[in-house]
Amino acid sequence: MKQTDPHHPHENCLALFERLSEYIDRELDAPTCKEIETHIEACKPCQVCLKTLKQTVALCKHLERRQVPEAFSLKLKGAIFDLVNEKTD
Amino acid sequence: MPNPSEKTKNGDKDTELVRAINSGRQDLFYELVHRYEKSLYNFGLRMCDTPSDAEDMVQDTFLNVFKYLEGFRYETKFRNWLYRVATSACLKKKRRSKYAPDRELSLEEFLPADESAVSADLPRWASQPLDQVLDGELAGVIRQALLDLPEKYRLVVVLRDVEGFTTQETAEILDLTPTNIKVRLHRARLFLRKALKSYHETD
């Protein structure tokens, strides 16, 4: 994210920043991935950027799922029961 | 009769069940409800303002699925079609969220303001194992951040990262291009990451 030395200009960080999600999702071609990996290896702020974004995605993927309230589940099945009976009458 | 839980050639475990329902076994509709009520309810909790709205959305979705199931074309996976119906029910339920007003998210708002805002240290929440992080308050932070996301971004990140649809499937469910999905997904993720970072910094 910052100009750490002449080999890692800010523009490279910005270009990477725009494509990080596609990189995480493996939606980029092999040469682009290689380019990103070479940059990240030498750029500490971009490593942090990638890891924090990866963790954000992982948190979303593992969010706890609540049980359906029993009263609602019964109400739903009752509504469907009425529809099934209506159709078969 | 074929086993309703058997996967078909296109990998859709629901096709045979749907075919059986459409050929007159309407009693099997309860099996569809059983398979998806928990997923849809949790989708509703992420998309609607209140648990009561989520319940209404789930009920509207199943009633619409029952009504229109005969028109299901088997060209897409049933689950994709189901979420298309559910998304439509969500949007009808609430045109506007009281939490998250509609607005565009730009990439620029997620860039560090200056060099002093750039960190070379990995924050603790990003280096800890997932189970430890999810047991803590961060799960609540991310749930709230999802509700704070403008709806068009929330829909994409919930379908992609929470529900696990691919980019192509999400594009089909929302009638958008895959490129559009990728753009919205990236901005939504950056919004969530910003919320997590802010929570950590004020901790």
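Residues numbered from 1 in each chain as written. Chains lettered and ligands numbered in written order. Predicted model: local features only at pLDDT ≥ 70, side-chain atom pairs only at ≥ 80, totals over all residues. Heavy atoms only, no water.

S.K.: Quick one: what's the story with the interface of chain B and chain A, residue by residue and with numbers?
M.R.: Listed per partner, the contact involves 52 residues of chain B and 45 residues of chain A. Interface area lost by chain B to chain A is led by Tyr30(B), Phe66(B) and Arg189(B), which between them contribute 13%. Arg160(B) serves as the salt-bridge partner of Glu27(A), at 4.0 Å between the closest nitrogen and oxygen. Applying the counting rule to chain B against chain A returns 15 residue pairs in polar contact (both at pLDDT 80 or more). Mapped onto the side of chain B that touches chain A, the elements with two or more residues apiece are α2 (29-47), α3 (51-68), α5 (124-127), α6 (130-135), α7 (138-148), α8 (151-162) and α10 (178-202) of chain B. In the side of chain B that touches chain A, the residues fall into 30 nonpolar, eight polar and 14 charged. (Contact = heavy atoms within 4.5 Å. Buried area = accessible area lost by both parts, 1.4 Å probe. Salt bridge = Lys/Arg side-chain N within 4 Å of Asp/Glu carboxyl O. Polar contact = N/O pair within 3.5 Å; in protein donor to acceptor, adjacent residues only side chain to side chain. Helix = DSSP H or I, 4+ residues; strand = E, 2+ residues; numbered from the N terminus. Nonpolar A, V, L, I, M, F, W, Y, C, P; charged D, E, K, R; others polar.)

S.K.: I'd like to hear about unusual backbone geometry, residue by residue, with values.
M.R.: Unusually for a residue other than glycine, Arg26(A) sits at a positive phi of about 55°. The exposure class of Arg26(A) is exposed, given its relative accessible area of 75%. In this model, Tyr74(B) sits at a positive phi of 65°, which is unusual for a non-glycine residue. Position of Tyr74(B) among the secondary structure elements: in the loop between α3 and α4 (78-93). (Buried < 20%, exposed > 50% of the residue type's maximum accessible area, 1.4 Å probe, protein only.)

S.K.: I'd like a rundown of a positive patch on the surface, residues and numbers included.
M.R.: A grouping of Arg26(A), Lys44(A), Lys51(A) and Lys54(A) is seen on the molecular surface, where their side chains present a positively charged patch. Tracing the sequence through the fold places Arg26(A) in the loop between α1 (10-24) and α2 (30-42). (Patch = residues over 30% accessible without salt bridge, like charges linked within 9 Å, V, L, I, M, F, W, Y side chains within 5 Å. Areas by Shrake-Rupley, 256 points an atom, 1.4 Å probe, with all protein chains shown as cover. Lys, Arg positive; Asp, Glu negative; His and termini not counted. Charge placed at Lys NZ, Arg CZ, Asp CG, Glu CD.)

S.K.: Requested: an account of the packing of α2(B) against α3(B), with residues and values cited.
M.R.: Residues and elements named next belong to chain B. Across the interface, α2 lies against α3 with an axial gap of 9 Å and an inter-helix angle of 145°. The way α2 lies across α3 gives a crossing that is right-handed. For the pair α2 and α3, the contacting residues are Phe29, Leu32, Val33, Tyr36, Glu37, Leu40, Tyr41, Phe43, Gly44 and Leu45 in the first and Pro51, Ala54, Glu55, Met57, Val58, Thr61, Phe62, Val65 and Phe66 in the second. Looking at the contact of α2 with α3, its residues break down into 15 nonpolar, two polar and two charged. (Axes fitted to C-alpha atoms, helices over the stretch in contact; angles between N-to-C directions. Left-handed = near helix turned anticlockwise from the far one by under 90°.)

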